[in-house]
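Observations on the three-dimensional arrangement
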Amino acid sequence: MGTPAPAVRAPVWRFRKPGIIPGFRLAMTVTLVWLVVMILVPLSGIFFQSASLGWEKFAALAMDRRTLAALGISFSSAFIAALVNLVFGTLVAWVLVRYRFPGRRVVDALVDLPFALPTAVAGIALTALYAPNGWVGGLLEPLGIRISYTQAGIVLALIFVGLPFVVRTVQPVMEEIDKEVEEASATLGAGRFQTVARVLLPSLTPALLTGFALALARGVGEYGSVIFIAGNIPYASEIAPLLIVIRLEEFNYPAATAIAAMMLAISFSMLLLINWVQARSRKRYGHAV
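The shown structure was predicted, so the numbers you read here are calculated from the model rather than taken from an experiment.

Structural notes on the overall build of the protein
Helix and strand content of the protein: 13 helices and zero strands. Listing every helix and strand of the protein by position from the N terminus yields α-α-α-α-α-α-α-α-α-α-α-α-α. Put simply, the protein has 289 residues, and 34% of those count as buried. Accessible area of the protein: about 18,100 Å², with a carbon and sulfur share of 69%.

See below:
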């Protein structure tokens, strides 16, 4: 008789795989406590305050015409600005990665300028430039084109503050793509458009979605660079963050809470959808999630 085969033990599920780096429990505990204290507690306070209003009162405040108009202007402007930054931010990152030219370091440093510049300063500068009596606005006014005190001015300000998020997200991933991949694609007969669409974009898609999400989130909550150039006209160029400040100055705390809860719910849903698409693209193109 042959020797019986040893019994195969079923794999034991573990919360984490054993590693050589100690301190997982302590690091995880500190991380969770920090996230709860700094993020979940303040955000949950908004929902608890909204729940105390009652559904009918909350719905009446949230569905107010002025509130819906402000939310529509904020999210549509942020979405358009994020799309513009997605295109031109990718182009800027491509130029910085693929080409060497005099002044490249200066251009690379200018990309980070919106990070360091106070948003109020950016808003004042853009308003002075694009106002009807400004350098650019004065040239556009005779043509019937108005930037300041319109939604176009809001989009322009959000493009300014959101550009670095796309560039700095895409640039490191683009640097990891070897030029040999593009050359191999060309030797196999692929045109430039096919190389970009079938070789480069699949590798860049997760980074592009991340940059888009960051630019969108920054645009939705932006305040300082927008209020000066927007004109703050109700139903035309009034953003939701400004409306929250107005309600607080009126001591209308329930209305301010309802607007904040609406912004939080919409923003979280949009970011959740983008993260889901990002995870699917990573899984499809072989990137680790």
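Here the narrative resumes, following the displayed structure.
Some points on the packing of aromatic side chains
A full pass over the atoms with the stated rule returns four aromatic pairs. With a centroid separation of 5.7 Å and 90 degrees between ring planes, the pair formed by Phe 79 and Phe 212 is classed as edge-to-face. Placement of Phe 79 in helix α3 (residues 65-98) and of Phe 212 in helix α10 (residues 192-221) is noted, with a sequence separation of 133 residues between them. Take Phe 79: its relative accessible area is 37%, and that puts it in the partly exposed class. Ring plane angle 80 degrees and centroid distance 6.3 Å describe the contact between Phe 251 and Tyr 253, whose orientation is recorded as edge-to-face. Overall, the relative accessible area of 63% leaves Phe 251 in the exposed class.

Digging into the packing of α3 against helix α12 (residues 240-249)
A packed helix pair is summarised by two numbers, namely the angle formed by the two axes and the spacing between the axes. At a minimum axis separation of 8 Å, α3 and α12 run at an interaxial angle of 145 degrees. Where α3 approaches α12, its residues Arg 66, Thr 67, Ala 70, Leu 71 and Ser 74 are matched on the opposing element by Ala 240, Pro 241, Leu 243, Ile 246 and Arg 247. Counted by class, the contact of α3 with α12 contains six nonpolar, two polar and two charged residues.

Some details on the confidence of the model for the protein
Close inspection of predicted coordinates is inappropriate for parts of the model with low pLDDT. For the protein, per-residue confidence averages 83 on the pLDDT scale, and 88% of positions sit at 70 or higher. Confidence, read as mean pLDDT per element, is least for helix α9 (residues 179-187) in the protein (71) and greatest for α3 (93).

Some remarks on the nonpolar core
Membership of the largest hydrophobic core comes to 54 residues, with the highest contact counts inside it found for Phe 58, Ile 154, Leu 158, Val 170, Leu 216, Val 226 and Ile 239. Contributing elements (two or more residues each) for this core: α2 (55-62), α3, α6 (119-130), α8 (151-175), α10, α11 (224-230), α12 and α13 (253-284). Ranked by residue count, the leading element in this core is α3, at ten residues.

Some thoughts on a nonpolar patch on the surface
Together, Val 33, Trp 34, Leu 35, Val 36, Val 37, Met 38, Ile 39, Leu 40, Val 41 and Leu 43 make up an exposed nonpolar region whose accessible area comes to about 900 Å². Inspection of the secondary structure assignment puts Val 41 in helix α1 (residues 24-51).

Quick word on the pattern of salt bridges
Taken as a whole and judged by the stated rule, the model has six salt bridges. Linking Glu 141 and Arg 146 is a salt bridge whose minimum nitrogen-to-oxygen distance equals 3.4 Å. For Arg 146, a relative accessible area of 39% puts it in the partly exposed group. As a salt-bridge pair, Glu 250 and Arg 247 come within 3.1 Å of each other at their nearest N and O atoms. Exposure remark for Glu 250: the relative accessible area of 44% places this residue in the partly exposed category. Three or more residues are tied together by salt bridges with common partners; here these are Asp 108, Asp 112 and Arg 168.

A word on α3
Over its 34 residues, α3 runs 49 Å from end to end, which matches the ideal 50 Å to within 8%, given 1.5 Å per residue. At the N-terminal end of α3, a side-chain oxygen is found 3.1 Å from the backbone nitrogen of Arg 66, two or three residues along, and the residue is Asp 64.

Structural notes on unusual backbone geometry
Phi is positive for Asn 232, close to 55 degrees, though the residue is something other than glycine. If you trace the backbone, Asn 232 turns up in the loop between α11 and α12. Asn 232 sits in the partly exposed class, given a relative accessible area of 27%. At Tyr 235, a residue that is not glycine, the phi angle is positive and equals roughly 70 degrees. With respect to the helices, strands and loops of the structure, Tyr 235 is situated in the loop between α11 and α12.

A closer look at the side chain of Ser 74
Along the chain, the position of Ser 74 falls in helix α3. Beyond its immediate stretch of four places on either side in the chain, Ser 74 contacts Ile 239, Ala 240 and Pro 241.

Quick notes on the environment of Ile 73
Tracing the sequence through the fold places Ile 73 in helix α3. Not counting chain neighbours up to four residues away, the residues in contact with Ile 73 comprise Gln 151, Ile 154, Tyr 235, Ala 236, Ser 237, Glu 238 and Ile 239.

Here we look at the side chain of Arg 66
Among the secondary structure elements, Arg 66 is positioned in helix α3. Not counting chain neighbours up to four residues away, the residues in contact with Arg 66 comprise Pro 234, Tyr 235, Glu 238, Leu 243, Ile 246 and Arg 247.

Reading guide: rules and limits
- Residues numbered from 1 in each chain as written.
- Predicted model: local features only at pLDDT ≥ 70, side-chain atom pairs only at ≥ 80, totals over all residues.
- Heavy atoms only, no water.
- Helix = DSSP H or I, 4+ residues; strand = E, 2+ residues; numbered from the N terminus.
- Buried < 20%, exposed > 50% of the residue type's maximum accessible area, 1.4 Å probe, protein only.
- Areas by Shrake-Rupley, 256 points an atom, 1.4 Å probe, with all protein chains shown as cover.
- Phe/Tyr/Trp six-rings, centres within 6.5 Å; stacked < 30°, edge-to-face > 60°.
- Axes fitted to C-alpha atoms, helices over the stretch in contact; angles between N-to-C directions.
- Contact = heavy atoms within 4.5 Å.
- Nonpolar A, V, L, I, M, F, W, Y, C, P; charged D, E, K, R; others polar.
- pLDDT = per-residue confidence, 0-100.
- Core = buried A, V, L, I, M, F, W, Y, C linked by side-chain atoms within 4.5 Å.
- Patch = residues over 30% accessible without salt bridge, like charges linked within 9 Å, V, L, I, M, F, W, Y side chains within 5 Å.
- Salt bridge = Lys/Arg side-chain N within 4 Å of Asp/Glu carboxyl O.
- Expected span 1.5 Å × (residues − 1).
- Polar contact = N/O pair within 3.5 Å; in protein donor to acceptor, adjacent residues only side chain to side chain.

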